[in-house]
Amino acid sequence: MRETIEPGGAPDDTRGEVARDEAAVSRFVERFAADLAEAGMQRMAARVFAALLVSDSGALTSAELAERLRISPAAVSGAIRYLSQVDMVVREREPGSRRDRYRLYNEVWYETLTRRDQIVARWESTMRDGAKVLGPGTPAGLRLTETAEFFEFVQRELPKMLERWRAQQAERSAAEAREAEAG
(Lines give C-alpha, C1' and ligand atoms only; values in the text may rest on other atoms or scores of the structure.)
Protein backbone atom coordinates (compact mmCIF):
# COMPACT_ATOMS: atom_id res chain seq x y z
CA MET A 1 0.00 0.00 0.00
CA ARG A 2 1.33 3.43 -0.91
CA GLU A 3 1.87 6.01 1.78
CA THR A 4 0.16 9.36 1.84
CA ILE A 5 1.42 12.67 3.10
CA GLU A 6 0.56 13.13 6.76
CA PRO A 7 -0.77 16.40 8.17
CA GLY A 8 1.67 18.59 9.98
CA GLY A 9 1.23 22.32 10.12
CA ALA A 10 1.79 25.08 12.58
CA PRO A 11 -0.17 24.83 15.82
CA ASP A 12 -1.42 28.42 15.52
CA ASP A 13 -3.68 27.64 12.55
CA THR A 14 -6.78 25.49 12.97
CA ARG A 15 -6.44 23.97 9.50
CA GLY A 16 -2.79 23.02 10.00
CA GLU A 17 -1.53 25.55 7.47
CA VAL A 18 1.39 27.88 8.10
CA ALA A 19 0.56 31.57 7.59
CA ARG A 20 1.81 32.78 4.18
CA ASP A 21 1.06 35.23 1.41
CA GLU A 22 -2.09 33.68 -0.08
CA ALA A 23 -1.92 35.82 -3.24
CA ALA A 24 1.62 34.57 -3.93
CA VAL A 25 0.54 30.98 -3.22
CA SER A 26 -2.39 31.38 -5.61
CA ARG A 27 -0.09 32.74 -8.34
CA PHE A 28 2.24 29.78 -7.83
CA VAL A 29 -0.67 27.30 -8.02
CA GLU A 30 -1.87 28.83 -11.29
CA ARG A 31 1.66 28.92 -12.73
CA PHE A 32 2.40 25.30 -11.87
CA ALA A 33 -1.05 24.22 -13.07
CA ALA A 34 -0.36 25.96 -16.39
CA ASP A 35 2.94 24.06 -16.64
CA LEU A 36 1.14 20.76 -15.98
CA ALA A 37 -1.62 21.60 -18.47
CA GLU A 38 0.98 22.49 -21.10
CA ALA A 39 2.53 19.06 -20.50
CA GLY A 40 -0.84 17.39 -21.18
CA MET A 41 -2.71 17.22 -17.88
CA GLN A 42 -6.33 18.38 -17.84
CA ARG A 43 -6.38 22.04 -16.75
CA MET A 44 -8.78 21.68 -13.81
CA ALA A 45 -7.04 18.52 -12.60
CA ALA A 46 -3.74 20.41 -12.77
CA ARG A 47 -5.17 23.24 -10.64
CA VAL A 48 -6.56 20.80 -8.05
CA PHE A 49 -3.31 18.84 -7.94
CA ALA A 50 -1.27 22.04 -7.49
CA ALA A 51 -3.59 23.19 -4.69
CA LEU A 52 -3.14 19.86 -2.89
CA LEU A 53 0.61 20.01 -3.44
CA VAL A 54 0.95 23.41 -1.75
CA SER A 55 -1.26 22.57 1.22
CA ASP A 56 0.85 21.70 4.26
CA SER A 57 -1.22 18.61 4.99
CA GLY A 58 -1.31 17.44 1.36
CA ALA A 59 -5.04 16.88 1.84
CA LEU A 60 -8.14 19.03 1.36
CA THR A 61 -11.89 18.53 1.18
CA SER A 62 -13.91 19.27 -1.92
CA ALA A 63 -15.27 22.42 -0.27
CA GLU A 64 -11.75 23.61 0.62
CA LEU A 65 -10.55 23.01 -2.93
CA ALA A 66 -13.55 24.81 -4.40
CA GLU A 67 -12.99 27.77 -2.09
CA ARG A 68 -9.24 28.00 -2.68
CA LEU A 69 -9.52 27.70 -6.43
CA ARG A 70 -12.84 29.57 -6.77
CA ILE A 71 -14.37 26.73 -8.76
CA SER A 72 -17.58 24.72 -8.53
CA PRO A 73 -17.87 21.46 -6.59
CA ALA A 74 -18.63 19.75 -9.92
CA ALA A 75 -15.29 20.97 -11.31
CA VAL A 76 -13.53 19.62 -8.22
CA SER A 77 -15.32 16.29 -8.61
CA GLY A 78 -14.26 15.91 -12.25
CA ALA A 79 -10.67 16.85 -11.46
CA ILE A 80 -10.52 14.42 -8.52
CA ARG A 81 -11.96 11.64 -10.68
CA TYR A 82 -9.13 12.15 -13.19
CA LEU A 83 -6.41 12.44 -10.52
CA SER A 84 -7.70 9.27 -8.83
CA GLN A 85 -7.69 7.37 -12.12
CA VAL A 86 -4.03 8.25 -12.70
CA ASP A 87 -3.15 7.41 -9.06
CA MET A 88 -2.05 10.90 -8.06
CA VAL A 89 -4.54 11.31 -5.20
CA VAL A 90 -6.51 9.09 -2.89
CA ARG A 91 -9.94 9.71 -1.41
CA GLU A 92 -10.22 9.30 2.37
CA ARG A 93 -13.10 9.64 4.78
CA GLU A 94 -12.57 12.14 7.60
CA PRO A 95 -12.88 10.25 10.91
CA GLY A 96 -16.30 10.87 12.46
CA SER A 97 -17.54 12.70 9.37
CA ARG A 98 -19.24 12.03 6.09
CA ARG A 99 -16.85 14.39 4.28
CA ASP A 100 -14.16 13.06 2.00
CA ARG A 101 -10.63 14.44 1.93
CA TYR A 102 -8.41 14.12 -1.09
CA ARG A 103 -4.80 13.36 -0.25
CA LEU A 104 -1.59 13.20 -2.26
CA TYR A 105 0.56 10.12 -2.12
CA ASN A 106 3.88 10.66 -0.34
CA GLU A 107 6.00 9.98 -3.38
CA VAL A 108 3.62 11.05 -6.10
CA TRP A 109 6.38 11.92 -8.61
CA TYR A 110 8.31 8.71 -7.98
CA GLU A 111 5.16 6.65 -8.42
CA THR A 112 4.16 8.59 -11.53
CA LEU A 113 7.54 7.97 -13.15
CA THR A 114 7.41 4.30 -12.19
CA ARG A 115 4.05 3.94 -13.95
CA ARG A 116 5.34 5.98 -16.88
CA ASP A 117 7.95 3.25 -17.45
CA GLN A 118 5.13 0.79 -18.17
CA ILE A 119 3.61 3.20 -20.67
CA VAL A 120 6.97 3.77 -22.35
CA ALA A 121 7.39 -0.02 -22.73
CA ARG A 122 4.03 -0.20 -24.48
CA TRP A 123 4.96 2.73 -26.75
CA GLU A 124 8.26 1.08 -27.64
CA SER A 125 6.50 -2.11 -28.68
CA THR A 126 3.95 -0.18 -30.73
CA MET A 127 6.69 1.83 -32.47
CA ARG A 128 8.59 -1.38 -33.35
CA ASP A 129 5.40 -2.89 -34.79
CA GLY A 130 4.76 0.31 -36.72
CA ALA A 131 8.29 0.33 -38.12
CA LYS A 132 7.75 -3.23 -39.44
CA VAL A 133 4.45 -2.22 -41.04
CA LEU A 134 5.94 0.88 -42.68
CA GLY A 135 9.16 -0.85 -43.70
CA PRO A 136 12.37 -0.38 -41.77
CA GLY A 137 14.09 1.35 -44.72
CA THR A 138 11.42 4.01 -45.28
CA PRO A 139 11.75 7.48 -43.77
CA ALA A 140 8.67 6.87 -41.59
CA GLY A 141 9.90 3.41 -40.60
CA LEU A 142 13.30 4.82 -39.65
CA ARG A 143 11.60 7.53 -37.59
CA LEU A 144 9.55 4.93 -35.70
CA THR A 145 12.63 2.74 -35.19
CA GLU A 146 14.53 5.71 -33.74
CA THR A 147 11.58 6.51 -31.49
CA ALA A 148 11.47 2.88 -30.29
CA GLU A 149 15.21 3.02 -29.58
CA PHE A 150 14.70 6.20 -27.55
CA PHE A 151 11.92 4.55 -25.53
CA GLU A 152 14.17 1.52 -24.97
CA PHE A 153 16.91 3.85 -23.69
CA VAL A 154 14.47 5.57 -21.33
CA GLN A 155 13.36 2.18 -19.98
CA ARG A 156 16.97 1.19 -19.27
CA GLU A 157 17.89 4.49 -17.62
CA LEU A 158 14.75 5.33 -15.64
CA PRO A 159 15.09 2.49 -13.08
CA LYS A 160 18.72 3.48 -12.48
CA MET A 161 17.71 7.08 -11.95
CA LEU A 162 14.92 6.10 -9.55
CA GLU A 163 17.37 3.87 -7.65
CA ARG A 164 19.80 6.79 -7.31
CA TRP A 165 16.92 8.93 -6.02
CA ARG A 166 16.08 6.32 -3.36
CA ALA A 167 19.73 6.19 -2.29
CA GLN A 168 19.89 9.98 -2.09
CA GLN A 169 16.73 10.09 0.02
CA ALA A 170 18.06 7.38 2.35
CA GLU A 171 21.33 9.28 2.73
CA ARG A 172 19.45 12.49 3.54
CA SER A 173 17.27 10.72 6.12
CA ALA A 174 20.33 9.15 7.74
CA ALA A 175 22.08 12.54 7.91
CA GLU A 176 18.98 14.12 9.49
CA ALA A 177 18.81 11.30 12.04
CA ARG A 178 22.49 11.75 12.92
CA GLU A 179 21.97 15.50 13.23
CA ALA A 180 18.94 14.98 15.51
CA GLU A 181 20.93 12.62 17.73
CA ALA A 182 23.85 15.05 17.95
CA GLY A 183 21.65 18.10 18.56
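Predicted model only: the values in this text are computed from it and were never measured.

Considering the environment of valine 108
Now for step 1: Here valine 108 lies in helix H5 (residues 108-134).
Now for step 2: Taking relative accessible area as the criterion, valine 108 reaches 4% and is therefore assigned buried.
Now for step 3: Put simply, valine 108 and glutamate 67 are 41 residues apart on the chain and 24 Å apart in space, counted from C-alpha to C-alpha.
Now for step 4: Here valine 108 is in contact with Phe49 and Met88, once residues within four sequence places are set aside.

Things to note about the nonpolar core
Now for step 1: Formed by 27 residues in total, the largest nonpolar core has its most connected members in Met41, Val48, Phe49, Leu52, Leu65, Ile80 and Leu83.
Now for step 2: Every element with two or more residues in this core is listed here: helix H1 (22-38), helix H2 (43-54), helix H3 (62-69), helix H4 (73-85) and strand S3 (100-104).
Now for step 3: Setting aside residues up to four positions removed in sequence, leucine 52 forms contacts with Gly58, Ala59, Leu60, Leu65, Val89, Tyr102 and Leu104.

With respect to the pairing of strand S2 (residues 89-93)
Now for step 1: With five bridges connecting them, S2 and S3 associate as antiparallel partners. Looking at the pairing, valine 89 lines up with leucine 104 of S3.
Now for step 2: The antiparallel pairing of S2 with S3 creates a hairpin that spans six residues between the two strands, and glycine 96 there sits at a positive phi of about 75°.

Some details on the UniProt feature "domain: HTH marR-type" (unreviewed entry) in the chain
Now for step 1: The positions UniProt marks with the feature "domain: HTH marR-type" (unreviewed entry) are residues 40-99.
Now for step 2: Secondary structure across residues 40-99 divides into 55% helix and 13% strand, with the first and last C-alpha atoms of the span separated by 30 Å.

Re the packing of aromatic side chains
Now for step 1: According to the stated counting rule, one finds five aromatic pairs in the structure shown.
Now for step 2: With centroids separated by 5.4 Å and ring planes inclined at 85°, the aromatic side chains of phenylalanine 49 and tryptophan 109 adopt a geometry described as edge-to-face. Of the two residues, phenylalanine 49 sits in helix H2 while tryptophan 109 sits in helix H5, which places them 60 residues apart along the sequence.
Now for step 3: For the ring pair tryptophan 123 and phenylalanine 151, a centre distance of 5.5 Å and an interplane angle of 45° mean the geometry is tilted. Here tryptophan 123 is found in helix H5, whereas its partner phenylalanine 151 is found in helix H6 (residues 139-182), with 28 residues between them in sequence.
Now for step 4: The class of tryptophan 123 is partly exposed, set by a relative accessible area of 38%.
Now for step 5: Put simply, the rings of Phe28, Phe32, Phe49 and Trp109 pair up and form one aromatic cluster.

Conventions and cut-offs
Residues numbered from 1 in each chain as written. Predicted model: local features only at pLDDT ≥ 70, side-chain atom pairs only at ≥ 80, totals over all residues. Heavy atoms only, no water. Helix = DSSP H or I, 4+ residues; strand = E, 2+ residues; numbered from the N terminus. Buried < 20%, exposed > 50% of the residue type's maximum accessible area, 1.4 Å probe, protein only. Contact = heavy atoms within 4.5 Å. Core = buried A, V, L, I, M, F, W, Y, C linked by side-chain atoms within 4.5 Å. Pairing = 2+ DSSP bridges. UniProt positions renumbered as here; feature names shortened; annotations may be inferred. Phe/Tyr/Trp six-rings, centres within 6.5 Å; stacked < 30°, edge-to-face > 60°.

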